[in-house]
Amino acid sequence: MGTIRVRFAPSPTGLLHVGNARTALYNWLFARHHGGKFILRIEDTDVDRSEVRHEAQLMEDLRWMGMDWDEGPGVFGPHAPYRQSERLGIYREHTDRLLTEGKAYRCFCTTEELEGERAQAMAEHRPQVYSGRCRALGAEESARRAAAGEAFAVRLKIPDHPLRFHDLVRGDVEFPQETVSDPILVRSSGMPVYNYVVTVDDALMEITHVIRGDDHISNTPKQVAIYEAFGWNVPEFAHLSTILGSDRERLSKRHGATSIASFREMGILPEALVNYLALLGWGAEGGTREIFPLEELVDAFKLERVTASPAVFDFEKLNWMNRHYLRECDADRLAELAWPYFVQAGWLPEQDAAAADVRAWFERLLAIFVPSVDLLDQVPGKARFVFDFDPLRARDEEENAALLASENAQKVLAAFAAKVRAHAEPVDAAQFKAWMNEVKAETGVKGKELFHPVRIALTGSHSGPEFDKLVPLFEEGSALALPKHVLSVRERVEKFLAE
Ligand code: GLU
């Protein structure tokens, strides 16, 4: 086998969603597994809907997921340009060639004529395909009418045999020739159509394997006919199954956020998303293994293991995978990634303006709270009481109110407050533990009745992370210069008792 060359060919008409991201990933993995080339081509011939900002975002999303391209915008390569809007001259030359060779013809039929044909076919229960009327025009007449300024589309002469291709996921696929009819290559506006430009580009860019969504299966016979008309080799095809939501309908916004940008905003790690996407329609040989860091995916990925049955997108499973990678993530990177959420909450200064001790403290905070979240954007909610301690709200909460109402709770809080007030130094975890033992001995209260009131007084809630971790976090936090002052243990108790 020569060098494998694959491409990802998105249209920059919106955000990159999981379906296309998986297509990109399978292409990328296939190329990297075989030491081939991964090409990025921007299909922006739909000028009304294509936008530069979408192109930029999509490239950023690919880079974020760790997919680099060997040829494409920003990288160049032997087949530049890689934006279809910059290749219109190339398509024109190829159209001239097909017309000259008699493989394509000018079609002067008007919209009304074509609609009339369609209506009649429908009435006669025939397939609604173009009759091929303009095929019969002589070369001279065709050239004369074009020269006279009459508008025309260019159509391909579909050969007189069924159109077949081999699909690596689905096996042999065959379309009877009469279901295809003579497809338009260039509209009367002069704009070439998707099936045409994609084929010209795939051929000129020497693409060996076309891996894409199965919504393009019905386009493939037309593309095969275009390869044949030019006398080009037909590449291998692999059409990936549709991604469904939990209700087994095609995955869409209705099922939740599915753009790569939104996953990123939620605090899904790129390695978690990539690992999850890889499993949507592919599985490693002989196993139930699910955790695959990127390099291991490259090793394990085989196109033969891609399944033809639709994959169901499971948000819970993605969250589970993210939890796994959050646990694996080193403290420094985690701080980097989680930081912006805390700036947004108004609790931390901008990252580059923060002192080293703030950074170290924040890493410790994350070690406490990250294990209990699926997504990084949930961390501020969990850590809210560190920065924003509201005794009134805590007292009002029903379960808290019931716990605090008991006589034992009052005794515990009074004894605890006395210890805190008698102690000038910052308190450490060992000291705190000693106090709790003393309060227990003095009041005779133990277990939940002992710990819950103190926890409410310090955190606003009767459950949460261990005191051993929280006490140093409060004490050290209170010594830092932060946009929102973190209350020390003592400040918390005072504030709680005052309200
Ligand atoms: N621009 C097309 C799309 O985004 C590419 C299809 C293909 O890979 O051929 O659907």
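Since the model is a prediction, treat every value here as computed from it, not as a measurement. (Residues numbered from 1 in each chain as written. Predicted model: local features only at pLDDT ≥ 70, side-chain atom pairs only at ≥ 80, totals over all residues. Heavy atoms only, no water.)

Chemist: Hey, could you go over the side chain of arginine 7 for me, with residue numbers and the actual values?
Modeler: By secondary structure assignment, the location of arginine 7 is in strand β1 (residues 5-8). A distance of 3.0 Å separates the side chain of arginine 7 from the side chain of aspartate 202, its partner in a polar contact. Those residues in contact with arginine 7, other than ones at most four positions away along the chain, are Asn27, Ile39, Arg41, Val198, Asp202, Ile207, Val210, Ile211 and Arg212. (Helix = DSSP H or I, 4+ residues; strand = E, 2+ residues; numbered from the N terminus. Polar contact = N/O pair within 3.5 Å; in protein donor to acceptor, adjacent residues only side chain to side chain. Contact = heavy atoms within 4.5 Å.)

Chemist: Give me unusual backbone geometry: which residues, what numbers.
Modeler: A cis amide bond links alanine 80 to the next residue, proline 81, at an omega of 0°. Mapped onto the elements, proline 81 comes out in the loop between α2 (52-65) and α3 (88-100). Phi is positive for histidine 125, which is not a glycine, with a value near 55°. Considering the arrangement of structural elements, one finds histidine 125 in the loop between α4 (111-123) and α5 (139-147). Positioned with a positive phi, arginine 248 is a non-glycine residue whose angle comes to about 65°.

Chemist: Could you give me a rundown of the site of the ligand, with the residues and numbers involved?
Modeler: Every residue near the ligand is listed here: Arg7, Ala9, Pro10, Ser11, Glu43, Tyr194, Val198, Arg212 and His216. One of the side-chain N or O atoms of glutamate 43 is found 2.7 Å from a nitrogen atom in the ligand. One of the side-chain nitrogen or oxygen atoms of tyrosine 194 is found 2.7 Å away from an oxygen atom of the ligand. In the complex, the protein chains occlude 85% of the 290 Å² of accessible area that the ligand would expose alone. Residue composition of the shell around the ligand, by class: four nonpolar, two polar and three charged. (Near = heavy atom within 4 Å. Areas by Shrake-Rupley, 256 points an atom, 1.4 Å probe, with all protein chains shown as cover. Nonpolar A, V, L, I, M, F, W, Y, C, P; charged D, E, K, R; others polar.)

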